[in-house]
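# Secondary and tertiary structure notes
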Amino acid sequence: MRITLERSNLLKSLNHVHRVVERRNTIPILSNVLLRSDGASLEMKATDLDLEITEATPAQVEQSGATTVPAHLLYDIVRKLPDGSEVLLATNAEGTAMTVASGRSKFSLQCLPQSDFPDLTAGSFSHSFRLKATDLKMLIDRTQFAISTEETRYYLNGIFMHTVESKGELKLRAVATDGHRLARADVEAPSGSEGMPGIIIPRKTVSELQKLLDNPDLVVTVEVSDAKIRLTIGSIVMTSKLIDGTFPDYQRVIPANNDKELRVDCQSFAQAVDRVSTISSERGRAVKLALSEGQMTLTVNNPDSGSATEELPVGYEHDPLEIGFNAKYLLDITSQLTGTDAIFMLADPGSPTLVRDLAAEDALYVLMPMRV
Amino acid sequence: MPDSAAQSPGFCRDCLKEQAGGARRCTACGSPRLLRHSELYDLTLAHIDCDAFYASIEKRDDPELADKPVIIGGGKRGVVSTACYIARIHGVRSAMPMFKALEACPQAVVIKPNMEKYARVGREVRTLMQELTPLVQPLSIDEAFLELKGTERLHHDPPARTLARFARRVEQEIGITVSVGLSYCKFLAKVASDLQKPRGFSVIGQAEALEFLREKPVTLIWGVGKAFANTLERDGVRTIGQLQTMEEADLMRRYGTMGQRLFRLSRGLDERAVEIDGEAKSVSSETTFNDDIARYDDLVVHLRRLSEQVAHRLRKSELAGQTVVLKLKTADFKIRTRNRRLDSPTRLADRIFRTGLQLLEKEADGTKYRLIGIGVSDLSAPDLADPPDLVDPAATRRAAAEDAMNRLRDKFGKASVETGYTFGTRKRDP
């Protein structure tokens, strides 16, 4: 293989694919990125056996071919090369080393044979649809924070995506929960998604995908099967295994009969929570909300450092109520709210609370209170 | 070492009377247990170690055992945890396999350890220690370092006399004996407490440290075990005296940071202060099987029982833990530990057990195990433990059931109620 390409193109693509590669690997080939040149492009592929990202970028190909080199190493080298430079990638005759040359810099990297590189793409997909990048990003942004990190409940370690009929319309819905809070977001179901299986997209795939959705004009092609998902975003193809598990019946968790409505100004509420929780300890950042007519008093007590209170005018016309929440969880939710006002639907201090965004009726959040 | 120079200050360990002259017995009570040392009233750092702790407690509680060799340890497969001094005469040592111990001393009385009782007595001893000084650093259930600097005004006595009074008090009030080592650093205080066991009181002063250490084997140094001693032996080093003649740079080049430790400790230089960091880092429970077990279902029974023990101890010490640790020892003595962090702390046997099960599933691959243990680390107060869960409402019900079982057990005893996992597996009479 012998090719020349622009450093900026190479860097951009490597930036997308190299993140998939784990820093520590017991299998050497998994530390490498696959480079394959053909026609007028260079294709790069990286995998951790659960997730694979492929991206192609234009290149002048003198001699086509393929090899694998350490991904983080190559990325670091290209990152440090001067702006606007051209990069030459050339393997030696034996295929054991690859030269990276640019200007007066020259590197030689050890290669592993491309035939050893694992392939994740086998298998066919049952459903295929096209989704605006903005819609996909919105589904992710609004739910990602609630993904569980507890391995014990692996089936919660991702976003559950499925289609559902809501108010007479078919929606594509994303749900995530860690048992303490739940986030749900809908978009109009794109054609082709009808009848797709409910899938759980793993956390790592979700966060890598999120970084690839910056361009609002893009349209993403989504293909799913029972076990895999493939997303095509421009010249990037991302293939991921899905979590093999059953997502719990989340509808049961969403309270339907909470009768105490609380309306807060999102921004001032978030700022107040942030301020009073300054005093709380790392563990158990509970903030107590004491509600009375038209007023909320936020209190944090930390036996080790002191206490904080703040008063906030709110829309509340029910019996007084005291309820505690994890401050971080409240802030996670408020940071996703787009409108000026948020609606809390409360029942009692021990029951799940529903949070709605007045400006975005297609998202809702459930929050489990804490004992305070 | 108590140097017998007549002019050294000293006192009688039985009646605490000051001994001015060079008599070999106490001028007041006639006891031979005199303590004399030139630095006796200058030293403040002590190491206190209970003598044959578990065995002494059993002997205290059953006077019939007083003149019999007693071994504390578990089952036919277990090892000796403690041997009383009579059993030690026959060659029984702690950590010795039980069958070997019984070969050496067939007439020994073997008693299964009653850890709860020993822990209770250990706490009593520690409470008395804490009356001497707030700077008590426990090393285990039955030994601790004490820093007594600055307590003279409080106790109206120098540390040496305060410690002798303490040893006497433990004998009178708790009914077991301790050995005291008094020195100027941790290393030598610990060495000293071991010199005269049982009922010992040894002093190693600054002036004699080099001389004292010269002929001692390198294994006396903390951190030098069998393997490292072999390395040193290969290099021709057997005694601490040899280390005393070597350069620090040379030792560090050869043995790294351990070399520095060798250099310093061989010269009696030890700057480590007594620290109060007695808080538990983890709570765990383990058991060695009578016969090796490979079957998952059989391991589960033990896992459940141990999880309940851990939960019980968490409850008593008002703690919760966030990381569950499973420990297994294979038939060929390889240890496997697997851990998993939960997203909230737990104090429940149910959650510990269920997490442990997931870890066990991967390990129950037909391998024969001789030991299983389960525990939690990453400890915190229990008030934030086990928050209600949106996804698993049954968890709340199981937690309530467990609390109810605990209340029953408090009232009617441990065996009054148990889950199906362990029911019928308890041996009626050991």
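Presented here is an overview of the structure given in this document. (Residues numbered from 1 in each chain as written. Chains lettered and ligands numbered in written order. Predicted model: local features only at pLDDT ≥ 70, side-chain atom pairs only at ≥ 80, totals over all residues. Heavy atoms only, no water.)

### A word on the sheet that holds strand S9 (residues 105–110) of chain A
All names here are of chain A. The test is simple: Strands are treated as partners if at least two bridges between them are detected by DSSP. Helix and strand assignments follow DSSP, with helices taken as H or I runs no shorter than four residues and strands as E runs no shorter than two, numbered in order from the N terminus. Angular values range over 0 to 180 degrees, each being the angle between N-to-C directions of two axes fitted as lines to C-alpha atoms, with helices fitted over their stretch in contact. In this analysis, two residues are considered to be in contact whenever any of their non-hydrogen atoms come within 4.5 Å of each other.
Read from one edge to the other, the open sheet built from five strands follows the order S5-S1-S7-S8-S9, with strand pairing classed as antiparallel. Two strands in the sheet have a free side with no partner beyond their single neighbour: strand S5 (60–63) and S9. Taking the axes of each pair of neighbouring strands and ignoring which way they run, one obtains an average angle of 15° across the sheet. Here five bridges tie strand S1 (residues 2–6) to strand S7 (residues 86–91), and the two strands are oriented antiparallel to one another. If you follow Arg2 over to S7, its bridge partner there is Ala90. Across the face of the sheet, helix H1 (residues 7–18) comes into contact with S1 and S7 while running at roughly 90° to S1. Each of strand S8 (97–102) and S9 is contacted by helix H2 (residues 71–80), which is oriented at about 175° to S9, the strand it contacts most.

### Here's the deal with the interface of chain B and chain A
Condition: Once two parts are joined, some of their accessible surface, as seen by a 1.4 Å probe, is lost; buried area is that loss totalled over both. Any carboxyl oxygen of Asp or Glu within 4 Å of a side-chain nitrogen of Lys or Arg constitutes a salt bridge here. We define a polar contact as two N or O atoms separated by no more than 3.5 Å, with the added condition that, inside protein, one atom must be a possible hydrogen donor and the other a possible acceptor, whereas residues neighbouring each other in sequence contribute only through side-chain atom pairs.
Facing the 24 residues of chain B at the interface are 22 residues of chain A. Each partner contributes to the roughly 1,800 Å² buried at the junction of chain B and chain A, and carbon and sulfur atoms together form 50% of this total. For chain B, the biggest contributors to the area lost against chain A are Asp343, Leu390 and Val391 of chain B; these three give 41% of the whole. Inspection of the chain B/chain A interface yields two salt bridges. Measuring nitrogen to oxygen at the nearest pair gives 3.6 Å for the salt bridge that ties Arg340 of chain B to Glu151 of chain A. Between chain B and chain A we count five residue pairs in polar contact (both at pLDDT 80 or more) in total.

### Description of the nonpolar core
Our working rule: Buried Ala, Val, Leu, Ile, Met, Phe, Trp, Tyr and Cys residues form a nonpolar core when they are joined through side-chain atoms within 4.5 Å. Relative accessible area decides the class of each residue, using a 1.4 Å probe on protein chains only: under 20% of the type maximum gives buried, over 50% gives exposed, and in between gives partly exposed.
Leu35, Leu74, Leu89, Phe269, Met296 and Leu298 of chain A are the most contacted members of the largest nonpolar core, which totals 99 residues. Among the elements that line this core, the one with the most residues is helix H5 (residues 266–276) of chain A, at six residues. Contact partners of Leu35 of chain A, with chain neighbours within four places excluded, come to Met1, Leu42, Glu43, Met44, Gly65, Ala66, Thr67, Val69, Leu74, Leu89 and Met98 of chain A. Phe53, Leu65, Ala108 and Ile174 of chain B belong to the second-largest nonpolar core, a separate cluster that totals 51 residues.

### A short note on helix H13 (residues 296–316) of chain B
All names here are of chain B. Applicable threshold: Take the residue count of a helix, subtract one, and multiply by 1.5 Å to get its expected span.
When the terminal C-alpha atoms of H13 are compared, their 30 Å separation across 21 residues agrees well with the 30 Å that a helix rising 1.5 Å per residue should span. When we look at burial in H13, the residues that qualify are Leu299, Val300, Val301, His302, Leu303, Arg304, Leu306, Ser307, Glu308, Val310, Ala311 and Leu314. Turning to H13, the residues buried within the fold contact strand S11 (282–293), strand S12 (320–330), strand S13 (335–346), helix H14 (349–363), strand S14 (369–380) and helix H15 (393–412). The positive-phi residue at the C-terminal boundary of H13 is Glu318, with phi of around 50°.

### Regarding the sheet that holds strand S22 (residues 315–316) of chain A
Residues and elements named next belong to chain A. With respect to topology, nine strands assemble into an open sheet ordered S14-S11-S12-S13-S26-S25-S24-S18-S22, the strand pairing being antiparallel. A strand with exactly one partner marks an edge of an open sheet, and here the two such strands are strand S14 (199–202) and S22. Of the strands in this sheet, strand S11 (158–166), strand S12 (169–177), strand S13 (181–188) and strand S26 (360–367) touch helix H3 (residues 133–143), which is tilted by about 170° from S13. H5 rests against strand S18 (260–265) and strand S24 (341–346) of the sheet, and its axis sits at about 85° to S18.

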